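# Results of the structural survey
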Amino acid sequence: MTTPPAAALLNLARDTALAAGDLVRTRRAEGVDIAASKSSPEDIVTNADRESEVLIRRLLAKARPNDGFFGEESDATAGSSGLTWVVDPIDGTVNYLYGIPSYAVSIAVVEGDADPATWTTLAGAVLNPATGELFTASAGGGSFLGERALQVRAGVELPLALVGTGFGYSAPRRVRQAQVVAGLIGEVRDIRRMGAAALDLCSVAASRLDVYYERGLSPWDHAAGALVAREAGARVGAFGEDREGNDLVIAAAPDLYARFEPRLSQLFTEFMDESLS
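Residues numbered from 1 in each chain as written. Predicted model: local features only at pLDDT ≥ 70, side-chain atom pairs only at ≥ 80, totals over all residues. Heavy atoms only, no water.

## A look at the pairing of strand S6 (residues 120-127)
For S6, the buried fraction is high: seven of the eight residues fall into the buried class. Both strand S5 (residues 104-111) and S6 contribute to a ladder of seven bridges, which runs antiparallel. Considered in S6, the bridge of Ala-108 is made with Gly-124. In terms of strand pairing, S6 meets strand S7 (residues 134-138) through five bridges, oriented antiparallel. Looking at S7, one finds that Gly-124 is bridged to Ala-137. Here S6 hands over to S7 after six residues, with Gly-132 in that stretch at a positive phi of 85°. (Buried < 20%, exposed > 50% of the residue type's maximum accessible area, 1.4 Å probe, protein only. Helix = DSSP H or I, 4+ residues; strand = E, 2+ residues; numbered from the N terminus. Pairing = 2+ DSSP bridges.)

Structure, rendered in structure tokens:
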């Protein structure tokens, strides 16, 4: 089956994200209901998460019934087209619960298996419903914030780098991750933890962060944001030549990545017990 043009896929991702964003914003104004906890009491899902994913799934299936779907809140389904939509209906659910305006609808379409180590991301959209900011990217087509083309900031020395990260829901894991942060904080400009991986990756693209790293992300957390960062000129990966994935995501301008990655590797070796990470 012929792969459709990236522009058509991007339009669908953008329009679907905007529709889901309207729903998410409305539900936030009405008051947020926690539907359940997942991996721990801190790892929550709201009714709005589920409603948003149902809407996204319906709109994508109507437009492209032969594509697969891989989302956070429902069962994955395979398709016959070779394409899969990778969706986080609300990235940053705890921020959403508390009314912190840093959460996102994240939608990407990938070619190949639903595995970041092997897929090729074709298009993606990340919408912050609270601010209205829409980040988009397509393979080879660049990345944008609205109509503004994005370009990662190069030439930043490690001591002047603003670094973003995140923490897991397991308390023992968070303690180890905090030890890594403690090792970094005296060697960089500062650390930010804003609570939405998709937006953090887009912040690298928009030069709001110089580096972002996190361990324990799911594919839907970074599929669209990683493409936005890459298309803005960032290197996105893990240690060595590894691709980004659950073990680690790092995003930065290539020159800064080359300086940051070895230091992060040293700190992970020192502090990140594999049984807790």
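What follows continues from the structure just given.
## Comments concerning helix H7 (residues 254-271)
Counted at 1.5 Å a residue, the expected span for H7 with its 18 residues is 26 Å, and the 25 Å between its end C-alpha atoms agrees. If you look at H7, its biggest bend is around 25°, right at Phe-260, and the proline Pro-262 turns up within four residues after that. Restricting attention to buried positions, one finds in H7 the residues Leu-256, Tyr-257, Phe-260, Glu-261, Leu-264, Leu-267, Phe-268 and Phe-271. Elements that come into contact with the buried residues of H7 comprise strand S10 (162-164), helix H4 (171-184), strand S12 (211-214), strand S13 (235-237) and strand S14 (249-252). (Expected span 1.5 Å × (residues − 1). Bend = angle between axes of the 7 residues up to and from the residue. Contact = heavy atoms within 4.5 Å.)

## What about the packing of helix H5 (residues 197-205) against helix H6 (residues 219-231)?
Here H5 crosses H6 at 5°, and the two axes come no closer than 8 Å. Our classification of the angle between H5 and H6 gives roughly parallel. Side by side, H5 and H6 meet where Ala-197, Ala-198, Leu-201, Cys-202 and Ala-205 of the first sit next to Asp-221, His-222, Gly-225, Ala-226, Val-228 and Ala-229 of the second. (Axes fitted to C-alpha atoms, helices over the stretch in contact; angles between N-to-C directions. Parallel < 35°, antiparallel > 145°, perpendicular 65-115°, else oblique.)

## As for the pairing of S7
Within S7, five of the five residues are buried, which leaves it mostly tucked inside the rest of the structure. Here S7 shows two buried faces, one formed by Leu-134, Thr-136 and Ser-138 and the other by Phe-135 and Ala-137. Bridge count between S7 and strand S8 (residues 142-145): four bridges; the pairing is antiparallel. Pairing of Thr-136 across the sheet is with Phe-144, part of S8.

## As for the nonpolar core
In a soluble, globular protein the nonpolar side chains are often hidden away together inside. Ranked by size, the top nonpolar core spans 26 residues in total, and within it Ile-56, Trp-85 and Ile-107 carry the most contacts. Among the elements of the structure, helix H1 (6-30), helix H2 (47-63), strand S4 (83-91), S5 and S6 are those that each provide at least two residues to this core. Dropping the residues within four chain positions of it, Ile-56 is found in contact with Thr-16, Ala-20, Phe-69, Val-87, Pro-89, Val-105 and Ile-107. (Core = buried A, V, L, I, M, F, W, Y, C linked by side-chain atoms within 4.5 Å.)

## Regarding the packing of H4 against H7
H7 packs onto H4 with a crossing angle of 135° between their chain directions and a minimal axis gap of 9 Å. The pairing of H4 with H7 is recorded here as oblique in orientation. Here the hand of the crossing between H4 and H7 comes out right-handed. Every residue of H7 that contacts H4 at Arg-176, Gln-179, Val-180, Gly-183 and Leu-184 is listed here: Phe-260, Arg-263, Leu-264, Leu-267, Phe-268 and Phe-271. Looking at the contact of H4 with H7 residue by residue, the class counts come to seven nonpolar, two polar and two charged. (Left-handed = near helix turned anticlockwise from the far one by under 90°. Nonpolar A, V, L, I, M, F, W, Y, C, P; charged D, E, K, R; others polar.)

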